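Tertiary structure, described
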Amino acid sequence: MAGVVVVLLRLSWMLVPRRTGNYSNQELLPNLKTKKPQDLVLVIGTGISAAVAPQVPALQSRKGLIQALLDAANEFGLLEDEESRRFQERLDADENLVHVAHDFIRELPPRTSSVRTNFFEECLYEVFDDLESKMEDSGKRLLQSVLHLMENGALVLTTNFDNLLELYAAEQGKGLESLDLTAEKKVLEWAQGKRELSVLHIYGIYTNPSGIVLLPDGYHNVLRKTKVMREIQKLYENKSFLFLGCGRTMADTNFLALFLEAVKHKSALEHFMLVRRGDVPEFKKLHENMLEKGIKVVSYGDEYADLPEYFERLASEISTRSQTGVPKKGR
């Protein structure tokens, strides 16, 4: 049995395209490029937001977000100097971020929940202010490819709190709806393919602070939404998830527990994760975990800058497929 596992692991990493020396010749994985848009759920992680607006620290990581919120609270004078110093020390020590976020939000004065929410909202809006002007062209190229796939039937789920994709779509004269788990009926419709031009923010979106999942209770509340969780799990069983910028997401035990761990027979599924070649050793440490979830790791190139062109070609190839999976006439 152990020998079979070793063989499977080796085969899985053979899916990473060989170095060609020229990015433009990077191969598209055959069983990925032949997918139809309606077969896909695009899962967008912090890596995409960080690529779209790299000068916004809050988009880089969950730690970056909490740091930005702390800076905003200090700017607004919401914390005493000693409180601020204590939170900074906890962040610098890489303490559990969920616990730090919980204590930070609870510390915002005054001690009434309704007003605290208003202070938290002010901090969020300060952190995510004017994102439109901070998007870079290479990042917009990524968003264009995502939008192209959405318009052809792909669903989009994100762990990010920002609305960069929606803002970019608006620039193009196209409207996307932002959903979070407070709108349970709409989320069920999204999972059933009835709201394709909607973006599901599973941890919430900053424009609706009440739906932000930063605290331990928030994760428990998400888990209690059994109808929603089951529909998302059905998607994982019946469609192909394509993970983009999700290196940290797949190490997020909350994400795995809430959305993926309950799915049975995952190794028989076919999901994909695009990674930079330099990231492969990191993912090899999790190779057994990836196989258990039915995820094939695919390299898009040697540099982060390779992703926009690779994904653009991939999105174009997928979007030219008809309902039968055959390239449309003229392609």
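The coordinates are above.
Now for a look at the structure at hand.

Criteria and thresholds
- Residues numbered from 1 in each chain as written.
- Predicted model: local features only at pLDDT ≥ 70, side-chain atom pairs only at ≥ 80, totals over all residues.
- Heavy atoms only, no water.
- Helix = DSSP H or I, 4+ residues; strand = E, 2+ residues; numbered from the N terminus.
- Buried < 20%, exposed > 50% of the residue type's maximum accessible area, 1.4 Å probe, protein only.
- Contact = heavy atoms within 4.5 Å.
- Areas by Shrake-Rupley, 256 points an atom, 1.4 Å probe, with all protein chains shown as cover.
- Axes fitted to C-alpha atoms, helices over the stretch in contact; angles between N-to-C directions.
- Parallel < 35°, antiparallel > 145°, perpendicular 65-115°, else oblique.
- Left-handed = near helix turned anticlockwise from the far one by under 90°.
- Nonpolar A, V, L, I, M, F, W, Y, C, P; charged D, E, K, R; others polar.
- Salt bridge = Lys/Arg side-chain N within 4 Å of Asp/Glu carboxyl O.
- Phe/Tyr/Trp six-rings, centres within 6.5 Å; stacked < 30°, edge-to-face > 60°.
- Lys NZ or Arg CZ within 6 Å of the ring centre and 35° of its normal.
- Patch = residues over 30% accessible without salt bridge, like charges linked within 9 Å, V, L, I, M, F, W, Y side chains within 5 Å.
- Lys, Arg positive; Asp, Glu negative; His and termini not counted.
- Charge placed at Lys NZ, Arg CZ, Asp CG, Glu CD.

Right, let's get into the overall build of the protein. For the protein, the count of helices and strands is 16 helices and 7 strands. Split into buried and exposed, the 331 residues of the protein put 51% on the buried side. Contacts spanning at least 24 positions in sequence make up 75% of the contacts within the protein whose residues lie at least 6 apart. A total accessible area of about 15,400 Å² is found for the protein, and carbon and sulfur atoms account for 50% of it.

All right, on to the packing of helix 8 (residues 137-151) against helix 16 (residues 307-319) then. Where helix 8 contacts helix 16, the two axes come as close as 9 Å, and the packing angle between them is 15°. As judged from the angle between their axes, helix 8 and helix 16 are roughly parallel. Here helix 8 runs over helix 16; the crossing is left-handed. The residues of helix 16 that touch helix 8, namely those facing Ser-138, Arg-141, Leu-142, Ser-145, Val-146, His-148 and Leu-149, are Leu-307, Pro-308, Glu-309, Phe-311, Glu-312, Ala-315, Ile-318 and Ser-319. Split by residue class, the contact of helix 8 with helix 16 holds 8 nonpolar, 4 polar and 3 charged.

As a further point, take the environment of Tyr-310. Examined against the element boundaries, Tyr-310 turns out to sit in helix 16. Distance from Tyr-310 to Ser-299, taken between C-alpha atoms, is 9.6 Å for residues 11 residues apart in sequence.

Quick look at the packing of helix 8 against helix 9 (residues 164-171) now. Axis separation between helix 8 and helix 9 bottoms out at 10 Å; the angle between their running directions is 85°. Compared by their axis directions, helix 8 and helix 9 come out roughly perpendicular. Where helix 8 approaches helix 9, its residues Lys-140, Leu-143, Gln-144, Val-146, Leu-147 and Met-150 are matched on the opposing element by Leu-164, Leu-165, Tyr-168, Ala-169 and Glu-171. Across the contact of helix 8 with helix 9, the residue classes tally to 8 nonpolar, 1 polar and 2 charged.

Working definition: two side chains of opposite charge can pair if their charged atoms are close together. If you walk through the whole model with that rule in mind, you get 15 salt bridges. Linking Lys-186 and Glu-177 is a salt bridge whose minimum nitrogen-to-oxygen distance equals 3.1 Å. Given a relative accessible area of 24%, Glu-177 falls into the partly exposed group. The closest approach of N and O atoms between Glu-189 and Arg-195, which form a salt bridge, is 2.6 Å. For Glu-189, a relative accessible area of 21% gives the class partly exposed. Among the charged side chains, a network of salt bridges with common partners joins Glu-177, Lys-186, Glu-189 and Arg-195.

Looking now at the packing of aromatic side chains. The geometry of an aromatic ring pair is captured by two quantities: the separation of the ring centres and the angle between the planes. Using the criterion set out here, one finds 5 aromatic pairs in the structure. Judged by centre distance (4.8 Å) and plane angle (80°), the ring pair of Tyr-236 and Phe-241 falls under edge-to-face. Of the two residues, Tyr-236 and Phe-241, neither departs from the other in class, the shared state being buried. Taken together, the aromatic side chains of Tyr-125, Phe-128 and Tyr-206 make up a single cluster linked through ring pairs. Just above the ring of Phe-87 sits the side chain of Arg-86; from NZ or CZ to the centre is 5.6 Å.

Attention shifts here to a negative patch on the surface. Judged by side-chain charge, Asp-71, Glu-75, Glu-126, Asp-129, Asp-130 and Glu-132 come together as a negatively charged surface patch. With respect to the secondary-structure elements, Asp-129 resides in the loop between helix 7 (113-127) and helix 8. For Asp-129, a relative accessible area of 46% gives the class partly exposed.

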